[in-house]
Amino acid sequence: MPLIENGRIGEDAWSFIPDGEPVPNDRPVIISFERWQAERDGFEGRNAKLGVRLKSGTLAGAIAADLDRFALVAVEFAKFRDGRGFSTARELRERYGYTGEIRAVGHVIPDQYLYLVRTGFTSVEAPEGTNPESWANALTEVTIAFQPSLDDTAPLSLLRRKLKVG
Amino acid sequence: MNHIAPGARAGIYHYDEIDRQFVAERVEQFRRQVERRLSGELTEEEFKPVRLMNGLYLQLHAYMLRIAVPYGVMSATQLRKLAAIGRKYDRGYGHFTTRQNLQYNWIKLEDTPAILHELAEVDMHALQTSGNCVRNVTTDPFVGAAKDEVVDGRVYAEILRQWTTMHPEFTYLPRKFKIAISGAESDRAAVRIHDVGLLARRNDKGEAGFSFYVGGGLGRSPFVGKLVREWVAQEDFVAYLEAILRVYNQYGRRDNIYKARIKILVHELGLEKFTQEVEEEFARLRGPKYRLDPEIVEGVRQHFAPPPFEELPDHSEALERAKAADPAFANWLEVNVAEHKAPGYAIATISLKPAGGIPGDATCDQMDLVADLAERHSFGELRVTHVQNLVLAHVKKDELYDLWKRLDEAGLGSANAGLIGDIIACPGLDYCALANARAIPLAQAISARFADPIRQRTIGELGIKISGCINACGHHHVGAIGILGVDKKGTEYYQITVGGDPTLTTAIGDILGPAVTETEAVDAIEAIVDVYLANRTGEGERFVDTLKRVGHAPFKERIYAAD
């Protein structure tokens, strides 16, 4: 599936390994949160990067204590209308100080891309056949924001200002 | 774009270039979203929330476009534009809503980008008037004028308007989210039936702060908002709301649309646990990033500086003469005019509830007239109330008679604010795809039955509120008399409740008995009124107080005796 990063289709170095399948040791992989809970000791001493995938109902607090083990957290959107993931990402960043990659997976539409970036997501797994132009456009079509967010930490005293888009 | 400047004195938030650019970008964004829907890139399911977030709703017969009137305050210039749009793209009228907005009920999808473009010319839009986001924040329609005002709610409502606009975290909430602010001693904003209700007050140092009520709401499961925090200082105003919304966004139910409002979360978690979750988030959010800077507050406040009131004696000879000469005017004065904080001025409510009329509807000619009158008598601004009337907030007492004569000629002179004819009704089955029964014809029939202004005044304060279905857009739960439309095997029936109260002493009404037909409903309302008049102690006792004293029995007996 195409990976969207910085408004463009990018190379995906990561692969998701479904539960039950062997986990390669030589490349970055994403495992489910459920597998992590069941098999965490098996990942002791692993050198290649590890990522974890949270279902939409799994909130940031569930993974908070283990965040230093993961270079990537994938947050699932079961339906694009289910906006819990926006809070999950923001909690990961603001409350738990996570600095790794946060990826949106599942059902996400380009019209949400700016919101994703502003709540702390760094990449999005888009559906096959998606229109890359719509993703690029989503970051530039609205250039004004009225509240502080993850992409710009200016305090609220500046209630209104231009977005920095790059 | 041709920008049409509002009157400089109007107490509205005056857009700057950045605000204008934002609205223009959103208009262009929506135009492209419509194209992507038409090309199939967006599915109907994906397009729906996008269209709702732009105020476009699909009703029974046509699209409805709901225009945002932030906290119900607008300029005469803006109202004139709304009239022009109604004439050009709708059927020559518009409908003022309980959210202090205006909606057009007969819009064509292909016209919407052009309408949004025209609205942008007067700094208006339809953003966030629908969808699962934070909706238009409402406040006291007498704001900035009322004698009992402690804090100017417009200032904080405007701060919230900005803070909630395209909020990246809270645009896909479990369900819609409604906030109301009241800054006066009397609550004219029904704060405790909102997802978040704010009472703005001052401490003994004169500093502004807020009491937070959370989890109020009507619909299928009505709840009165619960006090979550007695005092939130001004600097924490935004942080506290951010904490509430973050708890709601994470824990609010998404499995059942009827259980998705924050009231259900508060109810299921319990007030104590909910409060604890919010306080934890708040403790962490508190800090420079979310601190509301006093300079921002002052900057916003400047937009709402008092208009240049003249120094006048409070007593008006002209008014007294007109009152003595014209009893119909005297009656309107008594019922529709409220005290103003500036001597010699008054607050005039323009009733959109003529006998037999459709609550909240105004023709485009009436809108133009009100715009003219707002310019002549009220510094070019007006307000929409949550009971679907209009208000001119700063009228010289000397000019009230002239104002009323002009209103009366145009069918806008009804003297029934707060009385039995001042009915709230949702659009009902005449427009709405969710409704089980019509609400408008019943409202028309009741107001026709009680057309006599003297009879209305004799009955006194008595709000009737009608909803065409359990979603309760007509606020029937808090009507002194509430009416809920239900469908019984294809026939419209109406269930009557009594004892509701939308003010600070908020109460949900109780069902009086079995549902009745439309014709029976009008007779039943009259029977309730007769029983009230027969039982009340003196002129002063309000309907709700008589009801409390005598109970349901005498009312039930009269209505259902024949069965």
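One can find the structure itself at the top, above this paragraph.
A brief look at the structure comes next. Note that the structure is a prediction, hence the values are computed from the model and not measured.

## Some points on the overall build of chain B
Counting secondary structure elements, chain B contains 18 helices and 20 strands. For 563 residues, the compact-globule formula gives about 24 Å, and the C-alpha radius of gyration of chain B, at 23 Å, lands near that figure. Dimensions of chain B along its principal axes, counting C-alpha atoms only, are 60 × 55 × 55 Å. For chain B, the proportion of contacts with a sequence separation of at least 24, taken over those separated by at least 6, is 68%. Carbon and sulfur atoms provide 51% of the accessible area of chain B, an area that totals close to 20,400 Å². Of note, chain B has its 67 positive side-chain charges centred 3 Å away from the centre of its 78 negative side-chain charges.

## Let's talk about the pairing of strand S5 (residues 50-54) of chain A
Residue and element names in this part refer to chain A. Of all five residues that make up S5, five are buried, and the element is covered over most of its length. Residues Leu50, Val52 and Leu54 of S5 are buried on one face, and the alternating residues Gly51 and Arg53, pointing to the opposite face, are buried as well. Pairing between strand S4 (residues 29-32) and S5: four bridges, direction parallel. Bridge assignment links isoleucine 31 to a residue of S5, and that residue is valine 52. Regarding the hand of the β-α-β motif, the stretch spanning S4, helix H1 (residues 33-39) and S5 is right-handed. By the bridge criterion, four bridges tie S5 to strand S6 (residues 72-77) in an arrangement that is parallel. Among the inter-strand pairings, leucine 54 is bridged to a residue of S6, identified as valine 75.

## Description of empty space enclosed by the protein
All names here are of chain B. What the rule picks out here adds up to seven cavities of 30 Å³ or more. Computed from the structure, the largest cavity encloses a volume of approximately 210 Å³. If you go around the largest cavity, you meet 19 residues; those closest to its centre are His125, Leu127, Gln128, Arg161 and Thr165. Taken together, the residues that form the lining of the largest cavity break down as 11 nonpolar, five polar and three charged. The calculated volume of the second largest cavity comes to roughly 160 Å³. If you go around the second largest cavity, you meet 15 residues; those closest to its centre are Tyr13, Tyr15, Pro70, Gln78 and Asp123. Breaking the lining of the second largest cavity down by element, the ones donating at least two residues are strand S3 (73-75) and helix H5 (153-164). Counted by class, the lining of the second largest cavity contains 10 nonpolar, two polar and three charged residues.

## Some remarks on the interface of chain B and chain A
Of the residues lining the interface, 48 residues belong to chain B; the matching set on chain A comes to 39 residues. Both sides of the chain B and chain A interface together cover about 4,200 Å² of buried area, and 55% of this is carbon and sulfur. Inspection of the chain B/chain A interface yields 12 salt bridges. Of the charged contacts in the structure, one is a salt bridge between glutamate 280 of chain B and arginine 95 of chain A, with a shortest N-O distance of 3.9 Å.

## Observations concerning helix H3 (residues 76-89) of chain B
Turn by turn, an α-helix covers 3.6 residues, leaving residues three or four places apart pointing in a common direction. Residue and element names in this part refer to chain B. For H3, built from 14 residues, the straight-helix expectation of 20 Å at 1.5 Å per residue is met to within 8% by its first-to-last C-alpha distance of 20 Å. When you tally the buried positions in H3, you get 10 out of 14 residues, the bulk of the element. Within the span of H3, buried status applies to Ala76, Thr77, Gln78, Leu79, Lys81, Leu82, Ala83, Ile85, Gly86 and Tyr89.

## Re the sheet that holds strand S15 (residues 390-396) of chain B
All names here are of chain B. With antiparallel pairing, five strands are arranged side by side in an open sheet as S3-S14-S15-S12-S11. If you trace the sheet from one side to the other, it starts and ends with S3 and strand S11 (337-339), each paired once. If you compare each strand with its neighbour and ignore which way they point, the axes differ by 30 degrees on average. Each of S11 and strand S12 (345-350) touches helix H11 (residues 327-336); the most contacted strand, S11, lies at about 50 degrees to it. The strands touched by helix H12 (residues 364-377) within the sheet are S12, strand S14 (381-384) and S15, with S15 carrying the most contacts at an inclination of about 25 degrees.

## Details of unusual backbone geometry
The phi angle of most residues is negative, glycine excepted, and most peptide bonds adopt the trans form. In this model, asparagine 6 of chain A sits at a positive phi of 50 degrees, which is unusual for a non-glycine residue. Counting through the fold element by element, asparagine 6 of chain A comes out in the loop between strand S1 (3-5) and strand S2 (8-10). In this structure, aspartate 123 of chain B is a non-glycine residue whose phi angle is positive, near 60 degrees. Inspection of the secondary structure puts aspartate 123 of chain B in the loop between helix H4 (112-121) and strand S6 (138-139). Since its relative accessible area comes to 9%, aspartate 123 of chain B is described here as buried.

## Concerning the side chain of threonine 88 of chain A
Residue and element names in this part refer to chain A. Locating threonine 88 in the fold gives a position in helix H2 (residues 84-95). According to the relative accessible area criterion, threonine 88 is buried, its value standing at 1%. Excluding anything up to four places from it in sequence, threonine 88 contacts Leu54, Thr58, Leu59, Ala60 and Val75.

Cut-offs applied
Residues numbered from 1 in each chain as written. Chains lettered and ligands numbered in written order. Predicted model: local features only at pLDDT ≥ 70, side-chain atom pairs only at ≥ 80, totals over all residues. Heavy atoms only, no water. Helix = DSSP H or I, 4+ residues; strand = E, 2+ residues; numbered from the N terminus. Rg over C-alpha atoms; globule rule 2.2 N^0.38 Å. Contact = heavy atoms within 4.5 Å. Areas by Shrake-Rupley, 256 points an atom, 1.4 Å probe, with all protein chains shown as cover. Lys, Arg positive; Asp, Glu negative; His and termini not counted. Charge placed at Lys NZ, Arg CZ, Asp CG, Glu CD. Buried < 20%, exposed > 50% of the residue type's maximum accessible area, 1.4 Å probe, protein only. Pairing = 2+ DSSP bridges. Right-handed = clockwise from strand over helix to strand, strands pointing away. 1 Å grid on protein atoms, 1.4 Å probe; cavity = no way out; pocket = protein on both sides within 12 Å on 5 of 7 lines; lining within 4 Å. Points joined across faces, edges and corners; volume = space filled by probe spheres on them. Nonpolar A, V, L, I, M, F, W, Y, C, P; charged D, E, K, R; others polar. Buried area = accessible area lost by both parts, 1.4 Å probe. Salt bridge = Lys/Arg side-chain N within 4 Å of Asp/Glu carboxyl O. Expected span 1.5 Å × (residues − 1). Axes fitted to C-alpha atoms, helices over the stretch in contact; angles between N-to-C directions.

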